[in-house]
Amino acid sequence: MDFTEYYEEFQSTYNLAVITLCLAIFAVLFVGIRRIINKKESLKTKITVWIILVLMFASVLNMFLAGPALAKKDIEQQTILCYDGEFEIIETSHGIYDKAVFLLNGEEICLKYSDEEDYDFEQIKVGKYVGQIVYAKNLSLVLKLKIEEKFD
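Residues numbered from 1 in each chain as written. Predicted model: local features only at pLDDT ≥ 70, side-chain atom pairs only at ≥ 80, totals over all residues. Heavy atoms only, no water.

J.: With reference to specific residues and values, describe the packing of aromatic side chains.
T.: The geometry of an aromatic ring pair comes down to the distance between the two centres and the angle between the two planes. According to the stated counting rule, one finds five aromatic pairs in the structure shown. On the basis of an interplanar angle of 45 degrees and a centroid distance of 6.3 Å, the ring pair of Phe3 and Tyr6 is categorised as tilted. Accessibility expressed as a relative area gives 13% for Phe3, which makes it buried. A ring pair is formed by Phe87 and Tyr129, whose centres lie 5.8 Å apart and whose planes are at 25 degrees; its orientation type is stacked. Taken together, the residues Phe87 in strand S1 (residues 80-94) and Tyr129 in strand S4 (residues 127-136) connect sequence positions 42 residues apart. The class for Phe87 is buried, based on a relative accessible area of 3%. An aromatic cluster is present here, built from Phe87, Phe102 and Tyr129 joined pairwise through their rings. A cation over a ring is seen here: Lys112 above Tyr97, with NZ or CZ 5.0 Å from the ring centre. (Phe/Tyr/Trp six-rings, centres within 6.5 Å; stacked < 30°, edge-to-face > 60°. Buried < 20%, exposed > 50% of the residue type's maximum accessible area, 1.4 Å probe, protein only. Helix = DSSP H or I, 4+ residues; strand = E, 2+ residues; numbered from the N terminus. Lys NZ or Arg CZ within 6 Å of the ring centre and 35° of its normal.)

Okay, here's the thing in C-alpha cells:
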C-alpha cells in the first residue's frame, strides 16, 4: 500500500508548524523586549507580562511537540502502518480527543480518531470487526478505517 499521500500531508503540516513556532518565538521576544524598554511600566508589570508571554509560548510549544513533532517522527521512521484482518475495539473514550483501544494481533494500541473526516469513524464502538486500519504509530492517530464486517 502506498502511503505517500499521508507522508506528504504530515510533511506539509510539520513545515507549517515550524513556521508557526518561529512566529511565536518572534512575537514573544518582540513584545517582551518592547515591555522591557518601556520606562513607564513598573518592574512588577514587566515580570507579569513576561510570565504571561512564557506561558503562551509554552502552550504553543506543547502543541508542537504533541502533534507535528510526532508526525515528523512518523515520516523519518516510516511508521504509517496498515493492518488488514480481524481486530477488536476493547474500549472507547470521548474527551478532548476521541480515542479507542484496538486489539491487533494480540497487541493493544490506543489510537485517537476524528468523526469529522470519515463516515466509518462513527462506527467505532466496542466489538469485533474485520476491516482495514491505517494509522500513524508515533502520532497514535487513525488515518483511515474501513470496516467490512462486524461480529456480534
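J.: Describe in detail unusual backbone geometry, supporting the description with residues and values.
T.: You will see that Asn105, though not glycine, has its phi angle at about 55 degrees, which is positive. For Asn105, a relative accessible area of 70% translates into the label exposed. Despite not being glycine, Ser140 has its phi angle at roughly 55 degrees, a positive value. The class of Ser140 is partly exposed, set by a relative accessible area of 24%.

All quantities given are derived from atomic positions and should not be read as evidence of function.
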